[in-house]
Amino acid sequence: MLIAKPGLDGHDRGAKIVARALRDAGFEVVYSGLHQTPEQIVEAALQEDVQVVGLSIHSGAHMTLFPRVVDLLHERGADDIVVFGGGIVPKEDIAELKARGVAEIFTPGASTSDIIEWVRDHVPARDQAPS
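About the cut-offs
- Residues numbered from 1 in each chain as written.
- Predicted model: local features only at pLDDT ≥ 70, side-chain atom pairs only at ≥ 80, totals over all residues.
- Heavy atoms only, no water.
- Salt bridge = Lys/Arg side-chain N within 4 Å of Asp/Glu carboxyl O.
- Buried < 20%, exposed > 50% of the residue type's maximum accessible area, 1.4 Å probe, protein only.
- Helix = DSSP H or I, 4+ residues; strand = E, 2+ residues; numbered from the N terminus.
- Arc of directions from axis to C-beta.
- Contact = heavy atoms within 4.5 Å.

> Can you tell me about the pattern of salt bridges, naming the residues and giving the values?
Scanning the entire structure with this criterion turns up six salt bridges. For Asp9, the salt bridge identified is with Lys5, shortest N-O distance 2.7 Å. Assessed through its relative accessible area of 3%, Asp9 is described here as buried. Take Lys5: its relative accessible area is 0%, and that puts it in the buried class. The partner of Asp12 in a salt bridge is Lys16, with the nearest N and O atoms 3.3 Å apart.

In structure tokens form, the structure reads like this:
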């Protein structure tokens, strides 16, 4: 999976904690680093052949950047890549993000064990994924 920081948000502690927890739980995780455009995130996801993209944001641009990643994946024929998000996302925006293709949103206070459990429940293991 790819954990990415879209936009100008410079706060990556949470993304690094989530990436490390997922890695420690047995997932292969690539961290994109800061200040990634949606185009860079999608290109990295395709190059790394990931099943999951986790987006983290604190800047307030989630309603633009998260759907843009989903749309670009769709344009590239990668609808099978699951996208989830986390960070400072107001509750009133979550339903709209899900309607626009973001599978789940984790807000501050979500535990890493909840995120790991969600990934295990919603993303098939590579050997179980349809060909």
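Anyway, onward from the coordinates.
> Please provide a residue-by-residue account of helix 4 (residues 91-99), values included.
Three or four residues apart is the spacing at which side chains of an α-helix point the same way, because the helix has 3.6 residues per turn. Burial in helix 4 covers these residues: Asp93, Ile94 and Leu97. One side of helix 4 holds all its buried residues, which, seen down the axis, span an arc of 115 degrees. Relative to its buried face, helix 4 has exposed residues pointing more than 90 degrees away, namely Glu92, Ala95 and Ala99. Taken together, the buried residues of helix 4 touch helix 3 (62-75) and strand 5 (104-106). One or two positions beyond helix 4, positive phi appears at Gly101, with a value near 110 degrees.

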